[in-house]
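Summary of the model geometry
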Amino acid sequence: MGHNVLVALDESENALRAADFVCRHFTPDHRVTLMSVIPDTAALCAMNNPGLTPYFMSQKQAFCQLEDKKKEIVTSAMKQAKARFLSAGFPEGGLTIKVENLKEGVARDILSEAAKGYDAVVLGRRGGSGMKKFFMGSISQKVVHGLTEIPVILVS
């Protein structure tokens, strides 16, 4: 059996290109985990705390609907990626899908998963919005700098 490969995905085209890269350059005997980290806003959406700002409370329903839509989009992207692996001959038993709620940060959560015995991590070079990257740095950059013992493949 091949090695364990972690493919970090979001809903971006670059993420799907990363999945395509693995389909083309890795053999179907590799075990592949498709992972996506999404913000856990369910707790925030369930809150009815007077400490929340009046503006947030007035916009809460719209915010929570957007977050639900984001989860749907990510889930759809994961299904697309899985279909691409199956079409490339990867056995369903060798594919794992993980849609994780944000715990420490997207990059840190990917790093934590990578430390669980993966032989390589593959991700798109860019995914998040430009404004988000400006303030937080790119996820791929943080993953590259955070992994010193595991090869990282960035696909653009």
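Look up a bit, the structure's there.
Residues Val 7, Leu 9, Val 22, Val 32, Leu 34, Phe 85 and Val 122 are the most contacted members of the largest nonpolar core, which totals 21 residues. Of all the elements in the fold, those that place two or more residues in this core are strand 1 (4-8), helix 1 (13-25), strand 2 (31-38) and helix 3 (54-87). Tallying contributions element by element places helix 1 first for this core, with six residues. Not counting chain neighbours up to four residues away, the residues in contact with Val 7 comprise Ala 19, Val 22, Val 32, Thr 33, Leu 34, Met 35, Phe 85 and Val 122. By size, the runner-up hydrophobic cluster in this structure holds 13 residues, among which are Ala 8, Val 37, Tyr 118 and Val 143.

Let us look at the pairing of strand 1. Along any regular strand, the residues point their side chains to alternate faces of the sheet. Burial analysis of strand 1 places four of its five residues in the buried class, the great majority of the element. For strand 1 and strand 2, the ladder comprises five bridges, and the chain directions are parallel. Among the inter-strand pairings, Ala 8 is bridged to a residue of strand 2, identified as Met 35. Taken together, strand 1, helix 1 and strand 2 form a β-α-β motif whose crossover is right-handed. One ladder, built from four bridges, connects strand 1 with strand 4 (residues 120-124); its direction is parallel. Residue Val 7 lies in a different strand from strand 4, and its bridge partner there is Val 122.

All told, the structure shown has one aromatic pair when counted by the stated rule. Judged by centre distance (5.0 Å) and plane angle (85 degrees), the ring pair of Phe 85 and Phe 90 falls under edge-to-face. What makes Phe 85 buried here is its relative accessible area of 0%. In this structure Phe 90 comes out as buried when scored by relative accessible area, which is 3%.

About the cut-offs
- Residues numbered from 1 in each chain as written.
- Predicted model: local features only at pLDDT ≥ 70, side-chain atom pairs only at ≥ 80, totals over all residues.
- Heavy atoms only, no water.
- Core = buried A, V, L, I, M, F, W, Y, C linked by side-chain atoms within 4.5 Å.
- Buried < 20%, exposed > 50% of the residue type's maximum accessible area, 1.4 Å probe, protein only.
- Helix = DSSP H or I, 4+ residues; strand = E, 2+ residues; numbered from the N terminus.
- Contact = heavy atoms within 4.5 Å.
- Pairing = 2+ DSSP bridges.
- Right-handed = clockwise from strand over helix to strand, strands pointing away.
- Phe/Tyr/Trp six-rings, centres within 6.5 Å; stacked < 30°, edge-to-face > 60°.

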